[in-house]
Amino acid sequence: MIADCVSAKVLKDNSMVPAESVEILHGATVFYDVLRVMNSVPLYVEDHSARFFKSFSLSQKQYPFPEQVFADSIKRYIQLSGLQNGNIRCVYSMAESTQFLVYEIKHSYPTKDMYENGVVCGTFIGERKNPNVKQEAAVKTNAYKKIAETGVYEVLLVDTQNNVTEGSKSNTFFVKGDTIVTAMAQDVLCGITRLQIIDLIHELQIPLEERKISLLELKDFDAAFISGTSPKVLPIRQIESVQYNVGNPVIARLAQAYDTQIAEYIQSHK
C-alpha cells in the first residue's frame, strides 16, 4: 500500500489495480507531480505534463514514455475512478523495475476563514539541490516535520545566503505598494500555479519583480501570499513575528482573476 494514497484503486501502467497491491520500494528513484481535479477536469494538465518531463531532462534521464501518456493516464484514472474533486499524484519510480502510478491523495484545501483572514507561516533553513526537478527530497520531509511540530500552515525555505525562496509545498509572493515581489525562477520549484499567477500578473499589468528576497526584508513588505495546487492564491497573515495586511487589494484582485481563469478552464475542457 502506498502511504499517501486514499483511493481504493491505483492506475498502474494503464491498468486499474487494488491499492493494497502496489508499493513504492524504499530507495527507489521517484519523479512525481501533483495536480488538482475540479468537476472531473484535471487543471492545467498540459503544464503539469511539461514540468513532469522537464524533471527527466534536468536529471539527464530519458523520457520513460511518450508525453501524451501522462495526460491520457490521468484522464483514464479520473474516468475509471469517478473522481470529481480532489488531488491526484502521478509517480514514476525506478528500482529493480519501473512503474507509472496515478492515484488520489489526501488533500487539505484552505477554509473560507483562511482565505478571509490569512494563514500563519514559519521559516525553515533548507534548500533543494535542484529546485526545478520534481523529485522526492529530504528537505521536504524535514520541512513537513516542522509544520507538524509548530502547527503553522506552511514553512518558507531560507537558503544558505539567508534568502527566502519558496514554501515547502508552495511558492511565495510579497507585495510592496502596488508591486509584487517573488524569488527568481532558478531558485525555486516553479509550480504550475506560480506560472499561471505570473501570467495573470502581466495580464493585469501589475508591476512584478523577480529577485533575491532577504529574510531581514520580510518586515518591509505590506502583504504576502502563497500559491499552489491546493491553496490557489492564499493570503498570509503572519510569518514568524511579522504581520501582514490580509485585505490587500492587489492580492484580492489577483485571487479573483485566478478563480475566474479556473472556471473558464473547466468550462472549456469538459
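Above: the structure in question.
Residues numbered from 1 in each chain as written. Predicted model: local features only at pLDDT ≥ 70, side-chain atom pairs only at ≥ 80, totals over all residues. Heavy atoms only, no water.

**Student:** Help me understand the side chain of Asn171, please; the structure alone is not making it clear to me.
**Tutor:** Along the chain, Asn171 falls in strand β10 (residues 171–176). Residue Asn171 is classed as buried on the basis of its relative accessible area of 5%. Looking at Asn171, its side chain comes within polar contact range of the main-chain nitrogen of Gly191, at 3.1 Å. With residues near it in sequence (within four places) discarded, Asn171 still touches Glu166, Val188, Leu189, Cys190, Gly191, Arg194, Phe225, Ile226 and Ser227. (Helix = DSSP H or I, 4+ residues; strand = E, 2+ residues; numbered from the N terminus. Buried < 20%, exposed > 50% of the residue type's maximum accessible area, 1.4 Å probe, protein only. Polar contact = N/O pair within 3.5 Å; in protein donor to acceptor, adjacent residues only side chain to side chain. Contact = heavy atoms within 4.5 Å.)

**Student:** How should I be thinking about the pairing of strand β6 (residues 98–105) in this particular structure?
**Tutor:** Regular strands show a simple pattern: their side chains alternate between the two faces of the sheet. Within β6, 7 of the 8 residues are buried, which leaves it mostly tucked inside the rest of the structure. One ladder, built from 8 bridges, connects strand β5 (residues 86–94) with β6; its direction is antiparallel. The residue bridging Asn87 from the neighbouring strand is Ile105, located in β6. Hairpin connection from β5 to β6: 3 residues lie between these consecutive antiparallel strands. (Pairing = 2+ DSSP bridges.)

**Student:** When you look at the pairing of strand β13 (residues 223–228) in this model, what are you seeing that I'm missing?
**Tutor:** Counting buried positions along β13 yields 6 of 6 residues, so the element is predominantly enclosed. Burial along β13 is two-sided: the face carrying Ala223, Phe225 and Ser227 and the face carrying Ala224, Ile226 and Gly228 are both buried. Examined bridge by bridge, β10 and β13 share 5 bridges and lie antiparallel to one another. Note on β13: the bridge partner recorded for Asn171 is Ser227. The pairing of β13 with strand β14 (residues 232–239) spans 4 bridges and is classified as antiparallel.

**Student:** Which parts of the structure should I look at to understand the sheet that holds strand β4 (residues 41–42)?
**Tutor:** Hydrogen bonds between backbone groups are what pair the strands of a sheet, and the pairing can be parallel or antiparallel. Pairing within the open sheet is antiparallel, and its 6 strands lie in the order β2-β1-β6-β5-β3-β4. Strand pairing shows two members of the sheet lacking a second neighbour, β2 (15–18) and β4, which therefore form its edges. Judged from the 4 bridges that link them, strand β1 (residues 9–12) and β2 form a sheet pairing that is antiparallel. Each residue of the ladder has a partner; that of Lys9, found in β2, is Pro18. Helix α1 (residues 45–58) contacts β3 (29–38), β4, β5 and β6 of the sheet and is inclined by roughly 175° relative to β3. (Axes fitted to C-alpha atoms, helices over the stretch in contact; angles between N-to-C directions.)

**Student:** Is there a simple way to explain the packing of aromatic side chains in this structure?
**Tutor:** Any aromatic ring pair is given by two values, namely how distant the centres are and how the planes are angled relative to each other. According to the stated counting rule, one finds 17 aromatic pairs in the structure shown. Between Phe52 and Phe56, the ring centres sit 5.3 Å apart and the planes meet at 65°, which makes this aromatic pair edge-to-face. Of this pair, Phe52 and Phe56 both sit in helix α1, 4 residues apart, roughly one helical turn. The exposure classification of Phe52 matches that of Phe56, with both residues buried. Arranged with centres 6.0 Å apart and planes meeting at 80°, the rings of Phe65 and Tyr92 form a pair that is edge-to-face. Residue Phe65 is found in the loop between α1 and α2 (68–81), and its partner Tyr92 is found in strand β5; the two are separated by 27 residues along the sequence. Judged by its relative accessible area of 14%, Phe65 falls in the buried class. For Tyr92, a relative accessible area of 9% gives the class buried. One residue, Arg89, lies across the ring of Tyr32, its end atom 4.4 Å from the ring centre. (Phe/Tyr/Trp six-rings, centres within 6.5 Å; stacked < 30°, edge-to-face > 60°. Lys NZ or Arg CZ within 6 Å of the ring centre and 35° of its normal.)

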